[in-house]
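# Survey of secondary and tertiary structure
One letter stands for each residue in the lines below.
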Amino acid sequence: KNVVAKDAAVKPFKVIIEDEKACARYSGLVIEGVQVKESPNWLKNKLNAIGVRSINNIVDITNYILHETGQPLHAFDAHQIKDATVVVKKYPAGTLFVTLDGTERKLTANDLMISDTEKPLCIAGVFGGIKSGVSAATTSIFLESAWFENIHVRKTSLHHGLRTDAATRFEKGVDIAGTVNVLERAAQLIQELAGGKCSEVVDVYPAPATKKTVVLTYAYLKKLSGKSYPTDKVKTILTSLGFDLIKETAESIEVAVPYHKPDISLPADLVEEVL
């Protein structure tokens, strides 16, 4: 359980999603009074071991949590977000935007952007902007944990040649049910290493996803795997992997697919899980 100390004096930001297909869920919170500094050795060593360069404690925590949970995060300098409002939207093709690497890029009409009430701040799920990132002068942050559609992220990432860790995770599909849990996990670690007071979580989830259901017959399982499995064993394997049991008969089992397994939709996929 993530234990995050919330402070009513810290006001959450407003979040508006204009494209609910490209961004089905957006969670965020504000942390005021953080101290941006060098990360402790244990964190630097963890990142170094997987080839990730240490930058500062805030950015390092977002990278650490990405590899710990599979959920990309992004930290903004809260003072760079006008009107305490985050808008998830698209801009007209040809709009200019300078990314963190100092490169001026022309946006396409497909590029989903994280913006405030005036300007774009970040290419959603791909790369931050040069003006809104965390720096040594940052004292308050807005922390984002969101679900962006894989096709949108892939097109944008390939078009701009930005093959970031975040983009590759979103392309494969992240767990839409986990945005808030991961956000609070990161906030807890930030409070431990950088201090600060947290707002309540803002969680905009316009159309909560329903779980896909798949039916697997034991005859098909035997045909594809070449082996007979006891029905109790099949049920135990699937439920232990996070599948919800919907219905079972002597001939088949029907399960609901957990959100963190977006690649599963066919009976053959369940055979693979059992194997």
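Residues numbered from 1 in each chain as written. Predicted model: local features only at pLDDT ≥ 70, side-chain atom pairs only at ≥ 80, totals over all residues. Heavy atoms only, no water.

Bringing the overall build of the protein chain into the picture now. Regarding its fold elements, the protein chain presents eight helices and 15 strands. Counting only C-alpha atoms, the protein chain reaches 65 × 40 × 35 Å along its principal axes. Across the 275 residues of the protein chain, 48% fall into the buried class. Here the contacts in the protein chain between residues at least 6 apart in sequence split such that 73% fall between residues at least 24 apart. (Helix = DSSP H or I, 4+ residues; strand = E, 2+ residues; numbered from the N terminus. Buried < 20%, exposed > 50% of the residue type's maximum accessible area, 1.4 Å probe, protein only. Contact = heavy atoms within 4.5 Å.)

Below, the discussion takes up the packing of aromatic side chains. The description of an aromatic ring pair rests on the distance of the ring centres and on the angle between the ring planes. One pass over the structure, following the stated rule, counts five aromatic pairs. Ring centres of Tyr26 and Phe142 lie 6.4 Å apart, and the angle between their planes is 10 degrees; on these two criteria the pair is classed as stacked. Taken as a pair, Tyr26 in strand 2 (residues 23-32) and Phe142 in strand 10 (residues 140-148) lie far apart in primary sequence, 116 residues in all. Phe142 sits in the buried class, given a relative accessible area of 1%. Positioned above the aromatic ring of Tyr91, the side-chain terminus of Lys89 is 4.7 Å from the ring centre. (Phe/Tyr/Trp six-rings, centres within 6.5 Å; stacked < 30°, edge-to-face > 60°. Lys NZ or Arg CZ within 6 Å of the ring centre and 35° of its normal.)

With that out of the way, let us pick up helix 5 (residues 179-194). Here helix 5 is 16 residues long and its end C-alpha atoms lie 21 Å apart, about the 22 Å a rise of 1.5 Å per residue gives. Across the 16 residues of helix 5, 13 count as buried, placing the element largely inside the fold. Phi turns positive one or two residues past the end of helix 5, at Gly195, with a value near 75 degrees. (Expected span 1.5 Å × (residues − 1).)

Two packed helices can be described by the angle between their axes and the distance between those axes. Following both chains from N to C, one finds helix 7 (residues 231-240) and helix 8 (residues 267-274) inclined at 95 degrees, their axes separated by 10 Å at the closest point. Comparing the axis directions of helix 7 and helix 8 gives the class roughly perpendicular. The residues of helix 8 that touch helix 7, namely those facing Val234, Ile237 and Leu238, are Leu270, Glu273 and Val274. A class-by-class count of the residues in the contact of helix 7 with helix 8 yields five nonpolar, no polar and one charged. (Axes fitted to C-alpha atoms, helices over the stretch in contact; angles between N-to-C directions. Parallel < 35°, antiparallel > 145°, perpendicular 65-115°, else oblique. Nonpolar A, V, L, I, M, F, W, Y, C, P; charged D, E, K, R; others polar.)

With that settled, consider the pairing of strand 2. Judged by how many residues are buried, strand 2 sits mostly within the fold: nine of ten residues are covered. The sheet contact formed by strand 2 and strand 10 spans nine bridges and is antiparallel. Its bridge partner being in strand 10, Tyr26 is matched across the sheet by Ala146. Of the strand pairs in this sheet, strand 2 and strand 12 (residues 202-204) are connected by three bridges, and their pairing is antiparallel. Its bridge partner being in strand 12, Gly28 is matched across the sheet by Val202. Looking at chain direction, strand 2 and strand 11 (residues 197-198) are connected through two bridges and run antiparallel. In the strand pairing of strand 11, Glu32 is matched with Lys197. (Pairing = 2+ DSSP bridges.)

The next point concerns the nonpolar core. Within the largest apolar cluster, 37 residues are counted, with the highest numbers of intra-cluster contacts made by Tyr26, Phe76, Val86, Ile114, Phe142 and Phe148. If you list the elements that add at least two residues to this core, you get strand 1 (14-17), strand 2, strand 4 (85-90), strand 7 (112-115), strand 8 (120-123), strand 10 and helix 4 (165-172). When neighbours within four sequence positions are excluded, Ile114 is seen to be in contact with Tyr26, Phe76, Val86, Val87, Val88, Pro120, Leu121, Cys122, Ala124, Glu144 and Phe148. (Core = buried A, V, L, I, M, F, W, Y, C linked by side-chain atoms within 4.5 Å.)

Across the sheet, which stays open at both edges, the five strands sit in the order 1-4-7-8-9 with mixed pairing between neighbours. The sheet terminates laterally at strand 1 and strand 9 (127-128), the two strands that pair on one side only. In terms of strand pairing, strand 1 meets strand 4 through four bridges, oriented parallel. Counted as the bridge partner of Val15 is Val86 from strand 4.

Our focus in this paragraph is the pairing of strand 3 (residues 73-77). Burial runs high along strand 3: five of the five residues are buried. Every second residue of strand 3 is oriented toward a common face, with Leu73, Ala75 and Asp77 on one face and His74 and Phe76 on the other, all of them buried. Here five bridges tie strand 3 to strand 10, and the two strands are oriented antiparallel to one another. Counterpart to Ala75 in the pairing with strand 10 is Leu143.

Size it by volume and the largest pocket reaches roughly 710 Å³. Around the largest pocket, the lining is made up of 28 residues, and of these Val59, Asn63, His74, Leu100 and Phe127 lie nearest the centre. In terms of residues, the lining of the largest pocket owes the most to one element, helix 2 (residues 57-69), which gives four residues. Here the lining of the largest pocket is built from residues that sort into 16 nonpolar, nine polar and three charged. Approximately 370 Å³ is the volume found for the second largest pocket. (1 Å grid on protein atoms, 1.4 Å probe; cavity = no way out; pocket = protein on both sides within 12 Å on 5 of 7 lines; lining within 4 Å. Points joined across faces, edges and corners; volume = space filled by probe spheres on them.)

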